[in-house]
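Commentary on secondary and tertiary structure
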Amino acid sequence: MHLIELQDIFKTYHLGEVDVPVLKGITLNVDQGELVALMGASGSGKSTLMNILGCLDHPSSGKYWLDGEEVSGLSTDGRALIRNRKIGFVFQGFNLLPRTSALENVVMPLNYSSENLTERAGRQRATELLERVGLGDRMHHEPSQLSGGQQQRVAIARALVNRPRLLFADEPTGNLDSKTSKEILLMFQRLNQEEGLTVILVTHDGSIAQYARRTVRISDGLIVADAAGDAS
Ligand code: ADP
Ligand code: MG
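Remember, predicted model here, so these are calculated numbers, not experimental data. Numbering of residues starts from 1 in each chain and follows the order in which that chain's sequence is written. Here the convention is simple: chains get letters from A, ligands get numbers from 1, in the order in which they are written. Residues qualify for local features only when their pLDDT is at least 70, as the model is predicted, and side-chain atom pairs are given and counted only at 80 or more; totals for whole chains, interfaces and linings, by contrast, use all residues. Neither water nor hydrogens contribute to the side-chain values; these are computed over all heavy atoms in the structure.

Secondary structure elements are defined from DSSP: runs of H or I of at least 4 residues count as helices, runs of E of at least 2 residues count as strands, and each element is numbered from the N terminus. The helix and strand tally for the chain stands at six helices and 10 strands. Based on C-alpha atoms, the radius of gyration is set beside the globule rule, defined as 2.2 Å times the residue count to the power 0.38. For a compact globule of 232 residues, the expected C-alpha radius of gyration is about 17 Å, and the chain comes in at 17 Å, within 12% of that figure. Referenced to the eigenvectors of the C-alpha coordinate spread, the extents of the chain come out at roughly 45 × 40 × 40 Å. With a 1.4 Å probe rolled over the protein chains alone, any residue whose accessible area is under 20% of its type maximum counts as buried; one over 50% counts as exposed, and the rest are partly exposed. With 232 residues in all, the chain has 50% of them scored as buried. Whether two residues are in contact is decided by their heavy atoms, any of which lying within 4.5 Å being enough. Of the contacts made within the chain by residues no fewer than 6 positions apart, 69% connect residues no fewer than 24 positions apart. Methods summary: accessible areas were calculated by the Shrake-Rupley approach with a probe of 1.4 Å, and residue burial reflects only the protein chains presented. For the chain, the exposed surface amounts to about 11000 Å²; the carbon and sulfur share of it is 47%. Under the counting rule used here, the positive set is Lys and Arg, the negative set is Asp and Glu, and His together with the chain ends is not counted. A single reference atom marks each charge: NZ on Lys, CZ on Arg, CG on Asp, CD on Glu. Mean positive and mean negative side-chain charge positions of the chain (24 and 28 charges, respectively) differ by 4 Å.

Below is the structure:
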């Protein structure tokens, strides 16, 4: 069974009277443990596809099975449940809560989890994750007191706190310098290799594909290449 199975996915946005077709028939499988770069020019539909894969949005038509369960027809609440149980997200802009410590930022998603950890166990898990991303000495710093790379590492720890099987990173290095970008990409590689976490890196930046084991290229809402290694 594939972790992700997409069959002929279309997505059209409706802006008033105007239809904006964005995804035009995407069929794609991803297995547990893969590290995939989803590449394409700006505007090609990457984020739209990621939003569907990540159960943030639903397709206009087509089917999506995640972990064997058909999720394409779920309600907003049904998608939220799946996200909390199975999916983590990292975004270009880090999206951390301001004036809130790194530790509290990482603990936060546990409040929406069905796992019901005690507060103490939750803080313990968050502490371990911050140590794992190299921020053991920055737990009580607020985002404004951290560099961009450190903020992104907090965001990675936060994305992992509910122990997802699947991690999406949408332009995760878009706001970082090249040295820091490399550190963050190596961290995704390490999480993939050591934890077997399935990682999907969404980017327009061709140089990022070298960190992935498979590159899927999207152009104007269609997959135009899918190959092992760096297919740019
Ligand atoms: P990418 O992430 O590859 O840059 P997006 O998926 O964000 O591309 O956008 C693809 C196309 O869909 C763009 O033309 C964009 O303007 C359009 N689009 C994205 N989101 C919306 C929306 N909510 N409503 C209308 N059009 C949208
Ligand atoms: Mg995008």
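Before going further, it helps to examine the nonpolar core. Formed by 40 residues in total, the largest nonpolar core has its most connected members in Leu 130, Val 154, Ile 156, Phe 188 and Leu 201. Nonpolar cores are built from buried Ala, Val, Leu, Ile, Met, Phe, Trp, Tyr and Cys residues. Side-chain atoms within 4.5 Å join them into one set. Counting residues in hydrophobic clusters, the runner-up holds 28 residues, among them Ile 26, Ile 52, Tyr 64 and Ile 82.

This part covers the packing of aromatic side chains. When two rings of Phe, Tyr or Trp (its six-membered ring) have centres within 6.5 Å they constitute a pair, described as stacked for plane angles under 30 degrees, edge-to-face for angles over 60, and tilted for the intermediate range. In the structure shown here, the tally under the stated rule is two aromatic pairs. Ring geometry for Phe 89 against Phe 91: centres 5.8 Å apart, planes inclined by 10°, an arrangement best described as stacked. Of the residues examined, Phe 91 reaches a relative accessible area of 25% and is grouped as partly exposed. Consider the rings of Phe 89 and Phe 168, whose centres lie 5.8 Å apart with planes at 20°: the pair is stacked. On the criterion of sequence distance, the pair formed by Phe 89 in strand 6 (residues 87–91) and Phe 168 in strand 7 (residues 166–170) is long-range, its members being 79 residues apart. The pair Phe 89 / Phe 168 is uniform in exposure class, with both members buried.

This part takes up the pattern of salt bridges. Think of a salt bridge as a Lys or Arg side-chain nitrogen and an Asp or Glu carboxyl oxygen that are within 4 Å of each other. Per the counting criterion, the structure on display carries 13 salt bridges. Across the pair Arg 138 and Asp 137 runs a salt bridge, and its minimum N-O distance is 3.1 Å. On the basis of relative accessible area, Arg 138 is assigned to the partly exposed category, the value being 27%. Members of the salt-bridge network, linked through shared partners, are Glu 34, Arg 214 and Asp 226.

All right, on to the pairing of strand 6 then. Buried residues dominate strand 6, accounting for four of its five residues. The pairing criterion for strands is at least two bridges between them, as found by DSSP. Bridge count for strand 6 against strand 7 is five bridges, and the pairing is parallel. Directly across from Phe 89, in strand 7, lies its bridge partner Phe 168.

What follows concerns the sheet that holds strand 2 (residues 18–30). Taken in spatial order, the four strands of this open sheet run 2-1-4-5, and their pairing is antiparallel. Bordering the open sheet on either side are strand 2 and strand 5 (69–70), each of which pairs with just one other strand. Pairing of strand 1 (residues 4–15) with strand 2, which is carried by 10 bridges, proceeds in the antiparallel orientation. Among the inter-strand pairings, Ile 4 is bridged to a residue of strand 2, identified as Val 30. Between N-to-C directions, angles span 0 to 180 degrees; the directions come from axes that are lines fitted to C-alpha atoms, helices contributing only their stretch in contact. Set on the sheet, helix 1 (residues 46–53) makes contact with strand 1, strand 2 and strand 4 (61–66); between it and strand 1 the angle comes to about 120°.

Any residue with a heavy atom positioned within 4 Å of a molecule or strand is treated as near that molecule or strand. For ligand 1, the full set of nearby residues is Tyr 13, Leu 15, Val 22, Ala 41, Ser 42, Gly 43, Ser 44, Gly 45, Lys 46, Ser 47 and Thr 48. For the purposes of these results, a polar contact is taken to be a pair of N or O atoms within 3.5 Å, where, inside protein, one atom must be able to donate a hydrogen and its partner to accept one; residues adjacent in sequence count only when each atom of the pair is a side-chain atom. A distance of 2.7 Å separates an oxygen atom of ligand 1 from a polar atom in the backbone of Gly 43. A distance of 2.9 Å is found between an oxygen atom of ligand 1 and a backbone nitrogen or oxygen belonging to Ser 47. A total of 560 Å² of accessible area belongs to ligand 1 in isolation, and the protein chains cover 61% of it. Mapped onto the shell around ligand 1, the elements with two or more residues apiece are strand 1 and helix 1. Tallying contributions element by element places helix 1 first for the shell around ligand 1, with three residues. Classifying every residue of the shell around ligand 1 by side-chain character gives four nonpolar, six polar and one charged. The nonpolar class holds Ala, Val, Leu, Ile, Met, Phe, Trp, Tyr, Cys and Pro. Asp, Glu, Lys and Arg form the charged class, and all remaining residues, Gly among them, are polar.

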